[in-house]
Amino acid sequence: MIIEEYDAKSLVRTARTSLFSWAEVYLNPYQGCEHDCVYCDGKAESYFMHDDFGQRIRVKKNAPELLELYFKKQGFFPVNREKTSTLVDYFPNLRESADSSKKKKFVLFIGGGVCDVYQPAEKEVKMTRNLLQIAYDYKIPVFFLTKNTLILRDLDLLKKINEESYACACFTITLADEKKQKIFEPNASSSQERFEAIEKLRDEGIHSGIYFYPTLPFIGDTVENMNSIYKTGKAVGAEFIYCWGLTLKPGRNKKQFMKALQDHFPEYYPKYKELYGNEDKYGNLDSTKLDELGLIWPEIKGYKLGYELRIDYTSKRYVPEGRIETNLMIAEVLHRLAYLKSFFIKSSKYETRQLNLAANFLNTFSKDISLMSEEEREKLDLDKVITPYIDEYLQEKKSKSLRLLEKEAYMSVSKFLELKEIK
Ligand code: SF4
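Residues numbered from 1 in each chain as written. Predicted model: local features only at pLDDT ≥ 70, side-chain atom pairs only at ≥ 80, totals over all residues.

Novice: Before we go on, may I ask you to explain the site of the ligand in this structure?
Specialist: What surrounds the ligand is the set Cys-33, His-35, Asp-36, Cys-37, Cys-40, Gly-42, Cys-115, Asp-116, Lys-147 and Ala-188. Across the shell around the ligand, the residue classes tally to five nonpolar, two polar and three charged. (Near = placed C-beta within 6 Å. Nonpolar A, V, L, I, M, F, W, Y, C, P; charged D, E, K, R; others polar.)

Structure below.
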């Protein structure tokens, strides 16, 4: 394993919220990942990563400086730091007023995409721990998604952050069977270890959930595997299970996956060739082949299981300091409605697009929508199809429509699976 350091030009990127994550700021302190998962999308040429992604880890040596610089530019102050090299060290009573809590905070996703920030290299490098310490110093809520139980090393910091604001440490779990899991995720912690880590995190009051992603056709979407992940997830206290299918981007990503399939599951090789034969640039499967191959979207099966076990299909949103709670809560409702309508109810694309657009608008809107009159709200750049959902939330402080739609989605997927004779 080669570990090499370099000075990065940039570190932080911003992103829109979605059901995948409510984080708005992302960073990757590493490039490359020792876990070397066979299906890893980060290996795709579109991310401009190096060829030996799983054997050579590039560390952004200056990541801590870049992160501090970013926080400072946002107007934040390291309120939890003992020595700040500012007047606050001499006049401690200034500390409170220097607190950045009046600025608009956000959830910081440490990791995502082209590395796992708790891959084995982190044990020595301790870059993630450094960044987490900085997040704590600046009182910034954090979000993690990993396949390595090394995250438990940093439980002390996660707890401190969670006590002050919010820390969510999630695990990707795709295959309950260890033999199969080792084929696709050779150097990650076992699924059993990940389940145990979730239990530990939940016992400590840290938020945690499962990303059942990617759900591998024919291998991960079996009744046995899906039941096992949902039931064990429920038993260890996972707050949600986010279920999503597999993408295979043409090039390195697809080539490596197909090679492993040929070696370990040759019986599925021709089926995958058909399913992903469309060479979609985003790696999406050819949905016209699903029926022919006897497949169902895993999201459909996952939704039914989650509903029956009373486990959420995504994480609950946290409202960071300085943000407008009602706006963000309504944005969450709108994103959820859009997901359910597009996936399970099959309503018009126009409506789901408007729901997501409105959610994005409210995420950044600077006025509290609950303090506006009906006439003022009417002048906002929001489509008419959105108005009833906003009005309902403002009156009830919750969304009955969302609860009803969740039930309707459950009935609809149950009926669909019954017709297909799938349990
Ligand atoms: S843990 Fe994530 S980033 Fe690392 S190899 Fe696996 S899929 Fe890729």
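Novice: Please explain the pairing of strand E7 (residues 142-146) as it appears in this structure.
Specialist: E7 sits mainly inside the fold: five of its five residues count as buried. Neither face of E7 is exposed, since Val-142, Phe-144 and Thr-146 on one face and Phe-143 and Leu-145 on the opposite face are all buried. Alignment of strand E6 (residues 108-110) against E7, held across two bridges, turns out to be parallel. Residue pairing in the sheet places Phe-109 in a bridge with Phe-143 of E7. As for the winding sense of the linkage, the β-α-β connection from E7 through helix H5 (residues 155-164) to strand E8 (residues 167-172) is right-handed. (Buried ≥ 20, exposed ≤ 12 C-beta atoms within 10 Å, placed from the backbone. Helix = DSSP H or I, 4+ residues; strand = E, 2+ residues; numbered from the N terminus. Pairing = 2+ DSSP bridges. Right-handed = clockwise from strand over helix to strand, strands pointing away.)

Novice: Before we go on, may I ask you to explain helix H9 (residues 252-264) in this structure?
Specialist: Since the α-helix turns once every 3.6 residues, residues separated by three or four places project in the same direction. Here H9 contains 13 residues, and its C-alpha end-to-end distance of 18 Å stays within 8% of the 18 Å for a straight helix at 1.5 Å per residue. The complete set of buried residues in H9 reads Asn-253, Phe-257 and Leu-261. Each buried residue of H9 lies within a common arc of 55° when the element is viewed along its axis, so the set occupies one face. Turned more than 90 degrees from where H9 packs its buried face, Lys-255, Lys-259 and Asp-263 sit exposed. Where H9 is buried, its residues meet helix H10 (269-275). (Expected span 1.5 Å × (residues − 1). Arc of directions from axis to C-beta. Contact = placed C-beta atoms within 7 Å.)

Novice: Would you mind going over the packing of helix H12 (residues 325-345) against helix H16 (residues 400-419) with me for this structure?
Specialist: Angle between the axes and distance between the axes: these two values describe a pair of packed helices. Two elements in contact, H12 and H16, have axes whose closest approach is 10 Å; the angle formed by their N-to-C orientations is 20°. On the basis of the axis angle, H12 is roughly parallel to H16. For the element pair H12 and H16, the recorded crossing hand is left-handed. Of H16, the residues touching H12 (which contributes Val-333, Arg-336, Leu-337, Leu-340, Phe-344 and Ile-345) are Leu-402, Leu-405, Glu-406, Glu-408, Ala-409, Ser-412 and Val-413. (Axes fitted to C-alpha atoms, helices over the stretch in contact; angles between N-to-C directions. Parallel < 35°, antiparallel > 145°, perpendicular 65-115°, else oblique. Left-handed = near helix turned anticlockwise from the far one by under 90°.)

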